[in-house]
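Fold and contact review
Now for the letters of each chain:
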Amino acid sequence: MTITQFATSVAVAALVASPAAAEVDLSGKTVEWVIPFSETGGSAKWANFFAPMLSEELPGNPTVVVKFMPGAGSTKGANWFQEQEYEDGTLLFGTSGSTQFPYLLDDPRVRYEYSDWVPVMASGTGGVAYINPKDGEKFDGSANALKDINFIYGSQGATRLDLVPLLAWQMLGMNVEPVFGIKGRGDGRLMFERGEATIDYQTSSSYLGASSDLVAQGKAVPMMTWGALDEEGNIVRDPTFPDIPTFKEVCEATEGCETSGDAWDAWKAFFVSGFPVQKIAFLPAGTPDEVAQTYADAFDAVRKRDDFATISAKEIGKYEIFVGPNAKKATEAGTTVSPQAKEYVKNWLQQAYGVSLK
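Residues numbered from 1 in each chain as written. Predicted model: local features only at pLDDT ≥ 70, side-chain atom pairs only at ≥ 80, totals over all residues. Heavy atoms only, no water.

**Describing the pattern of salt bridges**
Tallying each qualifying case throughout the model produces 16 salt bridges. In this structure, the salt-bridge partner of aspartate 107 is arginine 160, at a minimum N-O distance of 3.4 Å. With a gap of 53 residues between them, aspartate 107 in the loop between helix H4 (97-104) and strand S4 (118-123) and arginine 160 in the loop between strand S6 (150-155) and helix H6 (163-171) connect regions that are remote in the sequence. Comparing aspartate 107 with arginine 160 shows no difference in burial state: the two are buried. Taking the shortest distance from any N to any O, the salt bridge between arginine 194 and glutamate 196 comes out at 3.0 Å. Connected through salt bridges with shared partners, the residues Glu56, Arg305 and Asp307 form a single ionic network. (Salt bridge = Lys/Arg side-chain N within 4 Å of Asp/Glu carboxyl O. Helix = DSSP H or I, 4+ residues; strand = E, 2+ residues; numbered from the N terminus. Buried < 20%, exposed > 50% of the residue type's maximum accessible area, 1.4 Å probe, protein only.)

Below, the structure is given as structure tokens:
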């Protein structure tokens, strides 16, 4: 099932109440939610946003502590989690698109298998690209006046979620030189703030938390979002940033950029895998059904809070939250791309950055 088909099925299906979970009590325990990135990025903000509410909804109200295990663009933490087994229901792991992409591209550093893990919550997100004020003066809704500028970008790696902006900028004819090796997108933002980078992108939660302040202070100019999907799978404006044009719009306005063909199909395929289902919370292999149901019910209670829509819009954006069986379906959709898109991206990575994944 593609993410588009999944999104459509969710839109038309009635919600079915899950059966009550068997008695699970986490009183006096500490749940460790491990994030395989640094504490400065969007995944950190995502987990820290949910953690206190999850604590309130889990039986026994355990303390939920977010811990960070950055390295190798998140594959270090994911490989570690692959080796973990269920013990007492106090280990949670959070992934991002930067964890999904190496898996999708058959990166040799990947020693983890998504189907071994137990997804209990999945959420979508968006992303915003922005540039420095000097070059921002030349941005007119197209990249036509930006093609003779040499931009610097702090990147986690070309096989990570960063491939979405890197491929987009190349399709626009822009010269963007990535500096690889940062441990989280928040580190890329810090490079931008220090003037070491002149272009950046952040996922919605991180943009809302810090980058939007740069825009408000006149230190950054928003260029585009990656957009969102409607029920037919078309790219439309991101509901969290309705006043910012999408990459599709900027591409259509830019000479030489096409929203059809092999490059566009590959970009869209990886955008779909990386953003509409971008962040996923997992329990380790071997987790009993009643424990998984307990976590799914807790996340369900969080998303049904009266104040959730208001506070989530400000902190992580206006995106779907999937729990339980729907989280599993979303995970399957978000970890699948066509062979054609995979082959195109592998060839592009080899040609653009000398990265061989064949």
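**A word on the side chain of threonine 95**
Relative to the helices and strands, threonine 95 is located in strand S3 (residues 91-95). Once you skip the residues sitting within four places of it in the chain, threonine 95 turns out to touch Tyr114, Trp117, Gln278, Lys279, Ile280 and Phe282. (Contact = heavy atoms within 4.5 Å.)

**Observations regarding the sheet that holds strand S5 (residues 127-131)**
Whenever strands of a sheet pair, they do so through backbone hydrogen bonds, lying parallel or antiparallel. The strand order across the open sheet formed by three strands is S8-S5-S9, and the pairing between neighbours is antiparallel. In the strand order of this sheet, the two ends are held by strand S8 (199-203) and strand S9 (221-225), each with one partner. Sheet twist, expressed as the average angle between the axes of neighbouring strands with direction ignored, equals 30°. Inspection of the sheet shows S5 paired to S8 by five bridges, in the antiparallel sense. (Pairing = 2+ DSSP bridges. Axes fitted to C-alpha atoms, helices over the stretch in contact; angles between N-to-C directions.)

**Remarks on helix H11 (residues 289-303)**
Counted at 1.5 Å a residue, the expected span for H11 with its 15 residues is 21 Å, and the 21 Å between its end C-alpha atoms agrees. Listed as buried for H11 are Val291, Ala292, Gln293, Thr294, Tyr295, Ala296, Ala298, Phe299, Asp300 and Val302. (Expected span 1.5 Å × (residues − 1).)

**Some remarks on the packing of helix H10 (residues 262-274) against helix H14 (residues 339-353)**
The interhelical angle for the contact between H10 and H14, taken along N-to-C directions, is 105°, at an axis separation of 9 Å. By the criterion of interaxial angle, the relationship of H10 to H14 is roughly perpendicular. Taking contact as the criterion, the partners of Asp262, Ala263, Ala266, Ala269 and Phe270 in H10 are, on H14, Ala341, Lys342, Tyr344 and Val345. Here the residues of the contact of H10 with H14 sort into seven nonpolar, no polar and two charged. (Parallel < 35°, antiparallel > 145°, perpendicular 65-115°, else oblique. Nonpolar A, V, L, I, M, F, W, Y, C, P; charged D, E, K, R; others polar.)

**Section: the environment of alanine 220**
Take alanine 220: it is sitting in the loop between helix H8 (204-216) and S9. Judged by relative accessible area, alanine 220 falls into the buried class, the value being 4%. The spatial distance from the C-alpha of alanine 220 to the C-alpha of alanine 129 is 9.9 Å, given a sequence separation of 91 residues. Setting aside residues up to four positions removed in sequence, alanine 220 forms contacts with Tyr130, Ile131, Pro133, Phe192, Leu214 and Val215.

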